[in-house]
Amino acid sequence: MINNRYKIRRKLGTGRSQVYLCTDLLNPSKDLAIKILSSAAQHKELDAFRNEYYLLKKIDHPNIVHAYNYGTVLVIDKNDPLDADIVEGSKFFTVDYIEGETLDRYEIGNEIELLHKILEQICSVLYYIHQSNYIYYDLKPENLIISNGNGTPKVFFYDFGLTKFIPQNEPFDVQGTPNYIAPEILQISHVDHRADFYSLGIMLYYLIYNSFPFETDDELKIYKANIEDDFEFPLKDGYENLIHITRILLNKSPNNRYKTSLQILEELQIPISEQMKNTWTPIKTFCGRKKEIYDINSNLFNKKANEIIAIRGEDGSGKTFFLEEIHHNQTNSILIEKSDLYSQNTFWNTLLRNVLYSEKIYNSIDDNLKSEIQELLNNVPDNLQEKLKSLFLRISRENNFLLLLDDFNSYDELSIELLKELIPILQVNGVKIILSEDIGKPILSDFINNLSVFNLYPFSEADLSEYFDKSYFKIFPKHLLKDFVSNNSDLLPGNIAWLIKNLIFLNILEYHYNEVIFSNRSNSLNTI
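Everything quoted here is computed from the prediction, not taken from an experiment.

### Considering the overall build of the chain
Right, on to step 1. Regarding its fold elements, the chain presents 19 helices and 17 strands.
Right, on to step 2. Over its C-alpha atoms the chain spans a radius of gyration of 25 Å, differing by no more than 12% from the 24 Å that the globule rule assigns to 528 residues.
Right, on to step 3. With the C-alpha coordinates of the chain rotated into their principal frame, the extents come out at 80 × 65 × 45 Å.
Right, on to step 4. Sorting the 528 residues of the chain into buried and exposed places 55% on the buried side.
Right, on to step 5. For the chain, long-range pairs separated by at least 24 residues make up 69% of all intrachain contacts whose partners lie at least 6 apart in sequence.
Right, on to step 6. As displayed, the chain has an accessible area near 24,200 Å², and 47% of this comes from carbon and sulfur atoms.
Right, on to step 7. Averaged over its 53 positive side-chain charges, the chain has a centre that lies 4 Å from the centre of its 74 negative ones.

This is the structure:
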């Protein structure tokens, strides 16, 4: 049991992190996988692990696992043998548990159509990742889970530990699994999304021949082979087209590989389906809001400032994403998410639990206070409000932290009444608080003294340019799309994403194997 919440059921695997099947006692109906990275890992690994979690939180794709909670292992059940390999102080995050086999263990045999179905999904996900300006960097069978839940294979990507945002890709280290690393990575040359195609080529070679194109386990010799060797492609009945694709993928020069993974679908004569392209709304990216971030950071670093900050805006203005960005950058922050409000747990229980199991707070308070908090979480007293005031007073006297409250004006009446008592206590003891409110609903924060309001307005033209530069890779017709959005949108980031999704759905953004065309279809545009 981790942090009196995650019950370990069995070990699933080990790589850069340990992965277990677990049950979240706060949501026991859903199976989760929990990834745990030892606290002894290097600082760079710990940063990559944390960044992987926040990247997965931004991703919305049916073939990629969703991430839920991130934290530090602070309490384990030392009497449970399943907890024996878990060390306090390790970092963890939870993701969807997928029942299935990794591709290296999945039985394909000589079923070429089955391999085509798997490749179709891999290419679709790669297009989504690459279009969104990312390089996956670790494509291999061990990182793909195949589920046969409905009788047909469904591919899931679940490890994004090495994935890099292309605008932030330089400088970079040689990274990846030796057998699958592209020559340009090994040569510290210019690297773009086509490095993933080389990895796909090695993977496809192995699936065709049940061997790698080099006959060695020596890492340096593998590197040399990937840079210099002309691989052999023996004939194999029925696999002629797949071998042809593999040859192109394994070209030493990225310029001679495919431009996008959609061209692989063309080689396989697989159409670009409606279902496929409707998953290609780009990965969320944080843009603009530089002044707001600067002013808020100035407030956070000023220990004498005790204003509470309200982030306000219309639906679609990016309030939740704004708080998530702050949460990502402020390691001492505690975020109460919008989804927490609709869980089966009460607000006060969620708040108190998140505060207790925040690493800095847990390690600073004494055992008596920890026991009191845990007892309250387990058994609700009649004088709950007074007890909570006492506990938060003692916690905040010893700890300065940042509390982020999303969707504040969706809180129920009991939660607001409790916060009317708790916020002054936190405020006077130096706890920083940032909340978000939808201006389309009644404002509930007016009771707060010393409230500083930041409004999130529509994007400027500069913000919009940044949005499209970050959201799409260089071969996408983003300038045409930007001009259309500029003239036909309210320029709120959430509504821009909604508009793009509809442009895809209505085939105004036409995806072809070799290009994406922005089509001015008058009837479809009138629908928009």
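From this point, the narrative continues.
### Details of the environment of D217
Right, on to step 1. Among the structural elements, D217 can be located in the loop between helix 4 (195-209) and helix 5 (219-228).
Right, on to step 2. With 38 residues separating them along the chain, D217 and N179 place their C-alpha atoms 8.9 Å apart.

### Remarks on the sheet that holds strand 6 (residues 101-102)
Right, on to step 1. The antiparallel open sheet is built from three strands, whose spatial order is 6-8-9. Two strands close off the open sheet at either side, each with one partner strand: strand 6 and strand 9 (154-157).
Right, on to step 2. Inspection of the sheet shows strand 8 (residues 144-147) paired to strand 9 by four bridges, in the antiparallel sense. Residue L144 lies in a different strand from strand 9, and its bridge partner there is F157.
Right, on to step 3. Across the face of the sheet, helix 2 (residues 112-131) comes into contact with strand 8 and strand 9 while running at roughly 35° to strand 9.

### A few points about the packing of aromatic side chains
Right, on to step 1. By the definition in use, this model includes 32 aromatic pairs.
Right, on to step 2. Pairing Y205 with F233 gives two aromatic rings, centres 5.6 Å apart and planes at 70°, and the pair type is edge-to-face. With Y205 in helix 4 and F233 in the loop between helix 5 and helix 6 (240-249), this pair connects stretches of sequence that are 28 residues apart. Each member of the pair, Y205 as well as F233, is classed as buried.
Right, on to step 3. When the ring of F286 is compared with that of F321, the centres are 6.0 Å apart and the planes differ by 65°; the resulting orientation is edge-to-face. Separated by 35 residues along the polypeptide, F286 in the loop between helix 8 (274-277) and helix 9 (290-301) and F321 in helix 10 (residues 319-329) bring together distant segments of the chain.

### Re the pattern of salt bridges
Right, on to step 1. Inspection of the entire model under this criterion finds 27 salt bridges.
Right, on to step 2. For K7, the salt bridge goes to D80, with nearest N and O atoms at 3.1 Å. Placement of K7 in strand 1 (residues 6-14) and of D80 in the loop between strand 4 (67-72) and strand 5 (91-96) is noted, with a sequence separation of 73 residues between them.
Right, on to step 3. Here K7 falls in the partly exposed class, since its relative accessible area comes to 32%.
Right, on to step 4. With a closest N to O distance of 3.2 Å, E372 and K387 form a salt bridge.

### Things to note about the nonpolar core
Right, on to step 1. Counting 108 residues, the largest nonpolar core has F157, L481, L509 and Y511 as its most contacted members.
Right, on to step 2. Top contributing element to this core by residue count: helix 2, with 11 residues.
Right, on to step 3. Discounting residues that sit within four places of it in the chain, F157 has contacts with N63, I64, V65, I122, V125, L126, I129, Y136, L139, N143 and L144.
Right, on to step 4. Counting 40 residues, the second-largest nonpolar core is a separate cluster that includes I336, L405, F408 and L422.

### Some remarks on the side chain of Q263
Right, on to step 1. In this fold, Q263 is placed in helix 7 (residues 262-267).
Right, on to step 2. There is a polar contact of 2.6 Å between the side chain of Q263 and the backbone nitrogen of K259.
Right, on to step 3. Excluding anything up to four places from it in sequence, Q263 contacts Y258, Y513 and N514.

### Observations concerning a negative patch on the surface
Right, on to step 1. On the surface, E99, E101, D104 and E142 cluster together to form a negatively charged patch.
Right, on to step 2. Relative to the helices and strands, E99 is located in the loop between strand 5 and strand 6.

### Description of helix 5
Right, on to step 1. Those residues of helix 5 not exposed but buried are I222, Y223, A225 and N226. The arc that holds the buried residues of helix 5, viewed along the axis, is 160°, so those residues lie on one side. The outward face of helix 5, more than 90 degrees from its buried face, is lined by the exposed residues L220 and K221.
Right, on to step 2. Tucked into the core, helix 5 has its buried residues touching helix 3 (183-186) and helix 4.
Right, on to step 3. Where helix 5 starts, the residue carrying a side-chain oxygen 3.1 Å from the main-chain nitrogen of L220 turns out to be D218.

### Concerning the sheet that holds strand 2 (residues 18-24)
Right, on to step 1. Spatially, 1-2-3-5-4 is the arrangement adopted by the five strands of the open sheet, whose pairing is antiparallel. If you trace the sheet from one side to the other, it starts and ends with strand 1 and strand 4, each paired once. The sheet shows a mean angle of 25° between the axes of neighbouring strands, direction not considered.
Right, on to step 2. Examined bridge by bridge, strand 2 and strand 3 (residues 31-37) share six bridges and lie antiparallel to one another. Each residue of the ladder has a partner; that of Q18, found in strand 3, is I36.
Right, on to step 3. Where helix 1 (residues 43-58) meets the sheet, it contacts strand 3, strand 4 and strand 5, and its direction lies at approximately 150° from that of strand 4.

### Some points on the pairing of strand 13 (residues 402-405)
Right, on to step 1. Of the two faces of strand 13, both are covered, the one formed by L402 and L404 as well as the one formed by L403 and L405.
Right, on to step 2. As judged from the four bridges shared by strand 12 (residues 333-336) and strand 13, these two strands associate in the parallel manner. Within strand 13, the position partnered with S333 by the bridge is L402.
Right, on to step 3. Direction of pairing for strand 13 relative to strand 14 (residues 432-438): parallel, over a ladder of four bridges. Note that in strand 14 the partner of L404 across the bridge is I434.

### With respect to the environment of V87
Right, on to step 1. In this structure, V87 sits in the loop between strand 4 and strand 5.
Right, on to step 2. For the pair V87 and L37, spaced 50 residues apart in sequence, the C-alpha separation works out to 9.2 Å.

Thresholds, definitions, all that
Residues numbered from 1 in each chain as written. Predicted model: local features only at pLDDT ≥ 70, side-chain atom pairs only at ≥ 80, totals over all residues. Heavy atoms only, no water. Helix = DSSP H or I, 4+ residues; strand = E, 2+ residues; numbered from the N terminus. Rg over C-alpha atoms; globule rule 2.2 N^0.38 Å. Buried < 20%, exposed > 50% of the residue type's maximum accessible area, 1.4 Å probe, protein only. Contact = heavy atoms within 4.5 Å. Areas by Shrake-Rupley, 256 points an atom, 1.4 Å probe, with all protein chains shown as cover. Lys, Arg positive; Asp, Glu negative; His and termini not counted. Charge placed at Lys NZ, Arg CZ, Asp CG, Glu CD. Pairing = 2+ DSSP bridges. Axes fitted to C-alpha atoms, helices over the stretch in contact; angles between N-to-C directions. Phe/Tyr/Trp six-rings, centres within 6.5 Å; stacked < 30°, edge-to-face > 60°. Salt bridge = Lys/Arg side-chain N within 4 Å of Asp/Glu carboxyl O. Core = buried A, V, L, I, M, F, W, Y, C linked by side-chain atoms within 4.5 Å. Polar contact = N/O pair within 3.5 Å; in protein donor to acceptor, adjacent residues only side chain to side chain. Patch = residues over 30% accessible without salt bridge, like charges linked within 9 Å, V, L, I, M, F, W, Y side chains within 5 Å. Arc of directions from axis to C-beta.

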